[in-house]
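Residue-level listing of the chains:
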Amino acid sequence: MPDTKKFIENLSGTGMCIGVLTSGGDAQGMNAAVRAVVRMGIYVGAKVYFIHEGYQGMVDGGVNIKEASWESVSSMLQVGGTVIGSARCKDFRTHEGRLRAALNLVQRGITNLCVIGGDGSLTGANLFREEWSGLLDELVQSGEISEEASQIHSVLHIVGMVGSIDNDFCGTDMTIGTDSALHRIIEVVDAIMTTAQSHQRTFVLEVMGRHCGYLALVSALACGADWVLIPEMPPKDGWEEQMCHKLSENRADKKRLNIIIVAEGAIDQSNKPITTELIKDLVVRCLGFDTRVTILGHVQRGGTPSAFDRILASRMGVEAVLALLEASPGTPACVVSLCGNQAVRVPLMECVQMTQEVQKAMDEKQFEKAVRLRGRSFENNLNTYKLLSNHQMDSELPHSSFNVAVLNVGAPAAGMNAAVRSAVRVGITEGHTMFAVSDGFEGFCKGQIKEIKWGDVGGWTGQGGSLLGTKRTLPAKHIDKIAEQMRIHNINALLVIGGFEAYLGLMELQAARSKHAEFCVPMVMVPATVSNNIPGSDLSIGADTALNAITDTCDRIKQSASGTKRRVFIIETMGGYCGYLATVGALAAGADAAYIYEEPFDIRDLQSNVEHLTEKMKTSIQRGLVIRNENSSENYTTDFIYQLYSEEGKGVFDCRKNVLGHMQQGGSPSPFDRNFGTKISAKAMQWVSRKLKECYREGRVFANTEDSACLLGMRRRALVFQPVIQLKDETDFVHRIPKEQWWLRLRPLMKILAKYKTSYDVSDSGQLEHIVHLKTKDISAI
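Position numbers for residues start from 1 in each chain and track the written sequence from start to end. In view of the model being predicted, local features appear only for residues whose pLDDT reaches at least 70, and side-chain atom pairs are presented and counted only at 80 or more, with totals across whole chains, interfaces and linings using the full set of residues. With hydrogens and water stripped out, all remaining heavy atoms of the structure feed into the side-chain values.

Turning our eyes to something else, we now look at unusual backbone geometry. Trans is the common state for peptide bonds, and a negative phi is the common state for residues other than glycine. Positive phi, close to 55°, is recorded for N167, a residue that is not glycine. Numbering of helices and strands runs from the N terminus; a helix is a DSSP stretch of H or I covering at least four residues, while a strand is a stretch of E covering at least two. Tracing the chain through its elements places N167 in the loop between strand 5 (157-162) and helix 6 (178-199). Look at E698: it is not a glycine, yet its phi comes out positive at around 50°. With respect to the element layout, E698 can be found in the loop between strand 22 (696-697) and strand 23 (700-701). Residue E698 is classed as exposed on the basis of its relative accessible area, which comes to 85%. The buried label goes to any residue with under 20% of its type's maximum accessible area, the exposed label to any with over 50%, and the partly exposed label to all in between, with areas taken from a 1.4 Å probe on protein chains only.

And the structure:
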């Protein structure tokens, strides 16, 4: 290995004592973070203590501060809330309370704290750190601790993780619990939409979020709400008339329902609250629509954490322990946050100050500034919502005379319809005439092409599968007929939404430009496949929904063994040769092993895994979970692994197997996939518009450069347009996977949390980034 790499083996936590607590409001995923801190801490040789009931437990001491063991965090990954308890503590706000807390920590040798909570909890932790040396001096003077103890415990290190469903903390794209809260909201909205449609009703829904409109805004994007009210963007004067006009206009378009989403902190331009009852009375009075109010309340905090939150919390928990291992006396308190798909460290107080600035800007009615301070992700959510909800009449739209075709190619993936809806509406807003191609390239060559209008894609965001129809057929064998259809319909640009076949198809269309001038038009691909195997993009539309299907099923399967004898489950996932679903699903479900093609294994590895599970089963752990990617090995099949485990585990555990199959492709898209599909597709259409203007010369569109046929993918922290021809060298065409895959770095983390000794590259860790620097790298993908 190169010398530049740094491995976990070189970082020792021997002699360290870490306290972990959850404070403030609870959030789904907190338990996953606690589990990761405990197991990573024990892995590096540290002692880890639960501090029950948050700061109150730290002040009260006694049984509230208890040493954690590896087994004590088993079976908590899928549990919502926080099993170690959380409480708002008045005592900790007093100097006397913090003095008692310091004594309790010193008595147990704890000088490292992982605090999981909101901005108030993290601000309190930083104050405690700043006062630490003074508190110890007081304890020495009162004789409660010795001078030697004061010197040994002279520095308190703090690492924060933001656990809050509100996503109101600056410095991170997502806080632990936000994605799960969105799941609860969307489940309710999807259910309400069916009853609303039956009775032609208007529903006004209030969602949580305190003074932050993130949940309201993103759920409005995810369900295609007619109107949304958030505190960062109070409606302009006369909004009541505009809203009623829009609701009646939608009804006139044969839409049988209306959905209005209101953030609990929604205000008008005068900072006066806008309540659900006010809106209901307005709609009834002005339009006479049958209107109902639903306040979701604490249901948004409840339930099991989503796959995203489990993975986010696990990664943050591990990163928090690494931050404590590397901390020196001069290291400032930091927060582990998410930027793109990377875990980074940001100075705690910079984040807190920025978060306070948002509220200050809103109090001073500087609402545009408040939106900017929320971060580019929030700003792009807002801009995308405005773009997609602003239905202008044909006479008001610019007319570009460009025809743009949209098609789905490859296997269906949840979120494809949200992407199509977004492309159609953005395209119409840009002045293009949009055409929908049914059944992929096969339908293209048969002329299954028709114009698609704004209202035609209403209600598509929540629909699973592909409403346009999709086939795996590649264009090469039908290239002449497709060129003819391009000419007949005068198609000036193509947007292809799909998986590996879409990627190959775009390459074939580009290669055909030398023979067919019809393909000399801007072409862009948006990745959509559950396998997440597209070169040039870290994430694909549909993968998150599939992960949630795997995680939910694994939870149920593990629960089925409750109260029975020791049992190991062998689960087979989809993905072709790509092990993304197996690996990340294993991390989210708390699996003991995951077999994938990218990491070859042999009979010795299988035997080692069986022995490892046998040892674990001799403790209090009663269930084991092993996940296998469908093409991980030609010979070590799911049946073979099942029979091997059954035979070798005789007398210790028995086995069951389950092939998940196409259930991973079905179901309603997750909130993440709806929003990712919506935003990435909108960005793709804006690129198409720019390219059409650049390439329009002498009355026609002509584009034959490499950068006129691109894939739009998420790379680390940014959405990037990449010419497909340049991605060839990054592709393993035989196995239909990228040659390098970011998620392989998560495999050691999965193994560590399953109690394996492994090598873990921490070269990317330890980067303390300032929030101003982070904002320049912020992305619109999350």
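That shown, we press on.
Each aromatic pair joins two rings of Phe, Tyr and Trp (for Trp, the six-membered one) with centres within 6.5 Å, and gets the label stacked for planes under 30 degrees apart, edge-to-face for over 60, and tilted for any other angle. On inspection of all chains with the given rule, the structure shows 15 aromatic pairs. Centre to centre, the rings of Y55 and F92 are 4.1 Å apart; their planes meet at 15°, and the pair counts as stacked. Here F92 lies in the loop between strand 3 (65-67) and helix 3 (95-107) and Y55 lies in helix 2 (residues 54-60), a separation of 37 residues in the sequence. Residue Y55 shares its accessibility class with F92, and that shared class is buried. Between F92 and F128, the ring centres sit 5.3 Å apart and the planes meet at 70°, which makes this aromatic pair edge-to-face. Of this pair, F92 sits in the loop between strand 3 and helix 3 while F128 sits in helix 4 (residues 119-141); the two residues are 36 residues apart in sequence, bridging distant segments of the chain. Look at F92 and you get buried, because its relative accessible area is 4%. Through pairs of rings, three or more aromatic residues link up here, namely Y55, F92, F128 and W132. A cation sits over an aromatic face here: R251 above F289, 4.2 Å from the ring centre. Only when the NZ of Lys or the CZ of Arg is both within 6 Å of the ring centre and within 35 degrees of the ring normal is a charge said to sit over the ring. The positively charged end of K757 is found above the aromatic ring belonging to Y43, 4.5 Å away from the centroid.

The strand order 3-2-1-4-5-10-11 describes an open sheet built from 7 strands, whose pairing is mixed. Bordering the open sheet on either side are strand 3 and strand 11 (342-347), each of which pairs with just one other strand. Each neighbouring strand pair of the sheet contributes to a mean axis angle of 25°, computed without reference to strand direction. Strand pairing is assigned whenever DSSP identifies at least 2 bridges connecting the two strands. Strand direction decides the pairing type here: strand 4 (residues 112-117) and strand 5, joined by 6 bridges, are parallel. Each residue of the ladder has a partner; that of C114, found in strand 5, is V159. Helix axes are fitted only over the stretch in contact, all axes being lines through C-alpha atoms; the angle between N-to-C directions runs from 0 to 180 degrees.

On to the sheet that holds strand 9 (residues 291-295). In a beta sheet, neighbouring strands pair by backbone hydrogen bonds and run either parallel or antiparallel. An order of 7-8-6-9 is seen for the 4 strands of this open sheet, with the pairing classed as parallel. A strand with exactly one partner marks an edge of an open sheet, and here the two such strands are strand 7 (227-229) and strand 9. Between one strand and the next, the sheet's axes are offset by a mean angle of 15°, whatever the strand orientation. Strand direction decides the pairing type here: strand 7 and strand 8 (residues 258-263), joined by 3 bridges, are parallel. Bridge pairing in strand 8 places V228 opposite I261. For this analysis, residues touch if any pair of their heavy atoms sits within 4.5 Å. On the sheet, helix 7 (residues 214-223) packs against strand 6 (202-207), strand 7 and strand 8 and is oriented at approximately 160° with respect to strand 8.

Within the largest apolar cluster, 188 residues are counted, with the highest numbers of intra-cluster contacts made by M161 and Y580. No other element matches helix 10 (residues 307-326), which puts 13 residues into this core. By nonpolar core is meant a set of buried Ala, Val, Leu, Ile, Met, Phe, Trp, Tyr and Cys residues that side-chain atoms within 4.5 Å join together. With 40 residues, the next largest nonpolar core counts L21, A102, L113 and V115 among its residues.

Throughout this description, the term salt bridge denotes a Lys or Arg side-chain nitrogen within 4 Å of a carboxyl oxygen of Asp or Glu. Here the structure, examined in full by the defined rule, presents 33 salt bridges. A salt bridge links D190 to R674, with the nearest nitrogen and oxygen atoms 2.7 Å apart. Here D190, found in helix 6, pairs with R674, found in helix 22 (residues 671-695); they are 484 residues apart in sequence, far enough to count as distant. Classification of D190 by relative accessible area gives partly exposed; the value is 23%. The network of salt bridges with common partners includes D119, D166, D168 and R210.

On to the packing of helix 13 (residues 376-389) against helix 22. Helices that pack against each other are described as a pair by the angle of their axes relative to one another and the distance between those axes. The contact between helix 13 and helix 22 brings their axes to 10 Å, and the two run at 70°. With respect to each other, helix 13 and helix 22 are oriented roughly perpendicular. Only T678, K679, A682 and Q686 of helix 22 make contact with helix 13, whose side of the interface consists of S377, N381, T384, L387 and L388. Classifying every residue of the contact of helix 13 with helix 22 gives 3 nonpolar, 5 polar and 1 charged. Angular relationships are summarised with four words: roughly parallel below 35 degrees, roughly antiparallel beyond 145, roughly perpendicular across 65 to 115, and oblique for the angles in between. Gly is placed with the polar residues, together with every amino acid not listed as nonpolar (Ala, Val, Leu, Ile, Met, Phe, Trp, Tyr, Cys and Pro) or charged (Asp, Glu, Lys and Arg).

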